[in-house]
Amino acid sequence: LFNGIYPFYLQQRKVAVFDVSTIIVIVVFLTFACSFLLIIPGIRGRARLYWTLRVLLSLLVGVVIVAVQYTGDWETGWVKANTSYKSFSHALVDADIGLHVGLGGVNVTLMGNPVNQVNETIDYNEHFAWSFDADYDHSYSEGLERGLPRPILYVAEKFTTQNPCSMSKQYRISSHYASATLWVAFCTWLISNMLFSMPVLVYGGYMLLVTGAFMIFSLLSFSTVRNSLICPIHFGTATLHISYGGSFWLILAIGLLCFVAGITVVALHYFNLDLLKTFFDLREDNTEEYQEMTEVYVNSHFLNKGL
């Protein structure tokens, strides 16, 4: 201890929005996209445009479904405050305090204005996980032992199981159900791609509708935390308010895109099947079968033999 205060240790920090898992998912899907773009010149005619549109839109849906599992911006909020920096100290600092809620936990960000104050560099970004294989209370206890700044511990304490606000239970259950429904949406997305590669296009359209439905269900599951009272997070006269972030609205947009694509496929199946088969490059070209034979060549040798 240093004058009765835990010292500050350097540690590996987790970025609030993009972390290693998200980058890996994006790189994998970009590899698939680049591989397809390398072979696209071998497709002739307008089918090349149709293939490009189908594959890129499908990969976009897949990468969004998987990537948002690891992002930390389903809900975000920032506040500027003049707050105490350490426990048992009357020193105040001007800082931006951010809260980023994801499906796997929360990130609490503390950045000074300016960064160097009270003879220290105030630039923190701490992650507290609540997934099934993680213990949130244990992570919070480790933060106490490391001597994290008081604003970070104050925000993180709101999500502990011992806190009377019960925010941890609300967010953890809703996040687990949202994550589970997104994985189901990923499975239905895979099935829809397999069905589109076979002459059963209408069932692929139905599976796209199911994919969009499960994506919307994940949003409904996550938004249930709004039905209960959320404890305010005050820093003096300032209050930290959180709202839906980029991942939430991205899932909503992709879910609606799946609905539009699925309805289009089903409608074309019943009203213009030839156009649908042309778009999916499944239209059989039977023009050669119906061409009239303009010239006939007869072998005179077989004709003279009566054959």
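Treat the numbers as computed from the prediction; the structure is a model and nothing was measured.

How each quantity is defined
Residues numbered from 1 in each chain as written. Predicted model: local features only at pLDDT ≥ 70, side-chain atom pairs only at ≥ 80, totals over all residues. Heavy atoms only, no water. Salt bridge = Lys/Arg side-chain N within 4 Å of Asp/Glu carboxyl O. Helix = DSSP H or I, 4+ residues; strand = E, 2+ residues; numbered from the N terminus. Buried < 20%, exposed > 50% of the residue type's maximum accessible area, 1.4 Å probe, protein only. UniProt positions renumbered as here; feature names shortened; annotations may be inferred. Pairing = 2+ DSSP bridges.

The tally for this structure, following the rule as stated, stands at two salt bridges. The closest approach of N and O atoms between Glu120 and Lys86, which form a salt bridge, is 2.8 Å. You can see Glu120 sitting in strand S4 (residues 120–129) and its partner Lys86 sitting in the loop between strand S1 (75–84) and strand S2 (92–101), a full 34 residues away along the chain. Glu126 is paired through a salt bridge with Arg146; the nearest N and O atoms lie 3.3 Å apart. Of this pair, Glu126 sits in strand S4 while Arg146 sits in helix H3 (residues 136–146), and the two are 20 residues apart along the sequence. Among the residues examined, Arg146 registers a relative accessible area of 22% and is labelled partly exposed.

With that out of the way, let us pick up the UniProt feature "transmembrane region" (unreviewed entry) in the chain. The positions that UniProt labels "transmembrane region" (unreviewed entry) are, in the present scheme, residues 20–39, 51–70, 177–196, 203–222 and 248–271. Measuring from the first to the last C-alpha atom of residues 51–70 gives 30 Å, for a span that is 85% helix and 0% strand. Counted over residues 203–222, helix gives 100% and strand 0%. Its end C-alpha atoms are 29 Å apart.

A word on the sheet that holds S4. Ordered by their spatial adjacency, five strands build an open sheet running S4-S3-S2-S1-S7, and the pairing between neighbours is antiparallel. Each edge of the sheet is formed by a strand with only one pairing partner; in this case those strands are S4 and strand S7 (243–244). Pairing analysis gives nine bridges linking strand S3 (residues 105–117) to S4, with the strands arranged antiparallel. Along S4, the bridge assignment pairs Val108 with Glu126.

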